[in-house]
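Take a look at the letters that make up each chain.
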Amino acid sequence: MNAPPAPGEVPHVAPLTRQIDQGLVDRYAAAAADPNPIHRDTAEAREGPYGRPIAHGMLVLALVSQMMTEAFGEGWAAGGALAVRWRAPAIPPVRVTATATPAGPDERRLRYAVRCTTEDGELLLDGSASLRLP
């Protein structure tokens, strides 16, 4: 966002789509020091409720943060906030799209409804993102 929005304006945020495959999940697990076997190709994952590994919820949520960073840059880092609920696991390989729909400003923050969905329309997470006005 180059200039502050006009009073009452909530700027458009472009959607972000990423492919989440097992290689990305494995790299995320190593970076996060998360040894949970449900995220790797293990007997525990195959015997679990989904029959195979699932992506980390925080890896899916990171798409929302990346989308907001691309829209607002340092403003997001300095004053952004997220509140979400996970609705379903992301089972790799899966193409995930993060979206932000303007929910209106108040006197201090821009507000958005955020979602991550699969290309089949399955809702993975939803919630809100807000950003302090400059």
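Please refer to the structure higher up on the page.
Residues numbered from 1 in each chain as written. Predicted model: local features only at pLDDT ≥ 70, side-chain atom pairs only at ≥ 80, totals over all residues. Heavy atoms only, no water.

1. Some details on the environment of Thr97
Rules: Note on conventions: DSSP H or I runs of at least 4 residues are helices, E runs of at least 2 residues are strands, and numbering of each starts at the N terminus. Per-residue accessibility, obtained with a 1.4 Å probe over protein chains only, is compared with the maximum for each type, and a residue is labelled buried under 20%, exposed over 50%, and partly exposed between these values. Should any heavy atoms of two residues lie within 4.5 Å, those residues are considered in contact. Whenever two N or O atoms come within 3.5 Å, that pair is a polar contact, provided that in protein one can donate a hydrogen and the other can accept it, and provided that, for residues adjacent in sequence, both atoms are side-chain atoms.
Turning to its location among the elements, Thr97 is positioned in strand S3 (residues 94-102). In this structure Thr97 comes out as partly exposed when scored by relative accessible area, which is 22%. Counting along the chain gives 17 residues from Thr97 to Gly80, while the straight-line C-alpha distance between them is 20 Å. Every residue in contact with Thr97, bar those within four places of it in the chain, is listed here: Pro15, Leu16, Thr17, Arg115, Cys116 and Thr117. A polar contact of 2.7 Å, which involves the side chain of Thr97, links it to the side chain of Thr17.

2. What about helix H3 (residues 57-72)?
For the record, the criterion: By this rule the span expected of a helix is its residue count minus one, scaled by 1.5 Å.
For H3, built from 16 residues, the straight-helix expectation of 22 Å at 1.5 Å per residue is met to within 8% by its first-to-last C-alpha distance of 23 Å. Leu59, Val60, Leu61, Leu63, Val64, Met67, Met68, Ala71 and Phe72 are the residues of H3 that are buried. Where H3 terminates, the next one or two residues include Gly73, which has phi positive at roughly 55°.

3. Thoughts on unusual backbone geometry
For the bond running from Pro92 to Pro93, omega is -5°, close enough to zero to count as cis. Phi at Ala33 is positive, roughly 55°, even though this residue is not glycine. Along the chain, Ala33 falls in the loop between helix H1 (22-32) and helix H2 (43-47).

4. Some details on the environment of Ala90
With respect to the secondary-structure elements, Ala90 resides in the loop between strand S2 (80-86) and S3. According to the relative accessible area criterion, Ala90 is buried, its value standing at 4%. With 33 residues separating them in the primary sequence, Ala90 and Leu123 have C-alpha atoms 9.5 Å apart. The residues contacting Ala90, other than those within four sequence positions of it, are Ile54, Ala55, Val60 and Leu124.

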